[in-house]
Amino acid sequence: MVKVRSTAGNNVCLGAIVCAHGVRGEVRVQSFTARPVDLAAYGPLTDEVGKGTFAIALVGESRGQLIVRIAGVADRNAAESLAGLRLYVACSALPKTAENEFYHRDLIGLRAVNVDGGEIGIIRAIHDFGAGDVIALERADGEEVLLPFTRANFPVVDIAGGRLVVDPPVEVEAAPEVLNDAPVEEVRP
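Now for a quick tour of the structure. (Residues numbered from 1 in each chain as written. Predicted model: local features only at pLDDT ≥ 70, side-chain atom pairs only at ≥ 80, totals over all residues. Heavy atoms only, no water.)

### Description of the environment of Val166
Positionally, Val166 belongs in strand β14 (residues 163-166). Separated by 13 residues in sequence, Val166 and Asn153 place their C-alpha atoms 5.7 Å apart. (Helix = DSSP H or I, 4+ residues; strand = E, 2+ residues; numbered from the N terminus.)

See the structure below:
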């Protein structure tokens, strides 16, 4: 799975500046790429609206974050002013995915259907809590269902057709109210 997070128009967010690092203008960046150091491989990055351009150079890594030098940022004050800034690249700069690899941006918004073609909902987000990607599926009633993004749960990924086929695990099938529109009945002992 290729891990590239949110989008802004035709741009993809590759990372976010967390805070200043030191007094010479370096910043700490949380990279959202599959390999964090790949953040620097795409050339200059932009802000969300594409007005600011940031040429970056990797200086090091610390505590799971990259230490980055940004051209034109020479002191701590300038670095601190960038905290919270998300760094984007044009979608066209991303490499083509291999078979069975997907960019998160390509999955979010797809329809979720069951194996018989019945509508279940919409893919709203993809999370990674440390054990692999988890699909956040929003049902028509607004309820959210979280399912691990595995071939068993999602046997068909049809980006061109705008859908993911969902074949939920037995535990979910045993509780049909999770994926069906049937109301949940309260049961008391």
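Next comes the rest of the account.
### Section: the sheet that holds β14
The strand order β12-β11-β10-β9-β14-β13 describes an open sheet built from 6 strands, whose pairing is mixed. Only two strands of the sheet have a single partner each, and these edge strands are β12 (144-148) and β13 (156-158). For this sheet the average axis-to-axis angle between neighbouring strands, irrespective of direction, equals 35°. Two elements, strand β9 (residues 111-114) and strand β10 (residues 119-128), share 3 bridges in a ladder whose sense is antiparallel. Counted as the bridge partner of Ala112 is Gly121 from β10. (Pairing = 2+ DSSP bridges. Axes fitted to C-alpha atoms, helices over the stretch in contact; angles between N-to-C directions.)

### Brief notes about the pairing of strand β2 (residues 11-21)
Most of β2 is tucked away: 8 of the 11 residues are buried. Pairing between β2 and strand β3 (residues 26-31): 6 bridges, direction antiparallel. Pairing of Gly15 across the sheet is with Ser31, part of β3. The loop that links β2 with its antiparallel partner β3 comprises 4 residues; one of these, Gly22, has a positive phi angle of about 80°. (Buried < 20%, exposed > 50% of the residue type's maximum accessible area, 1.4 Å probe, protein only.)

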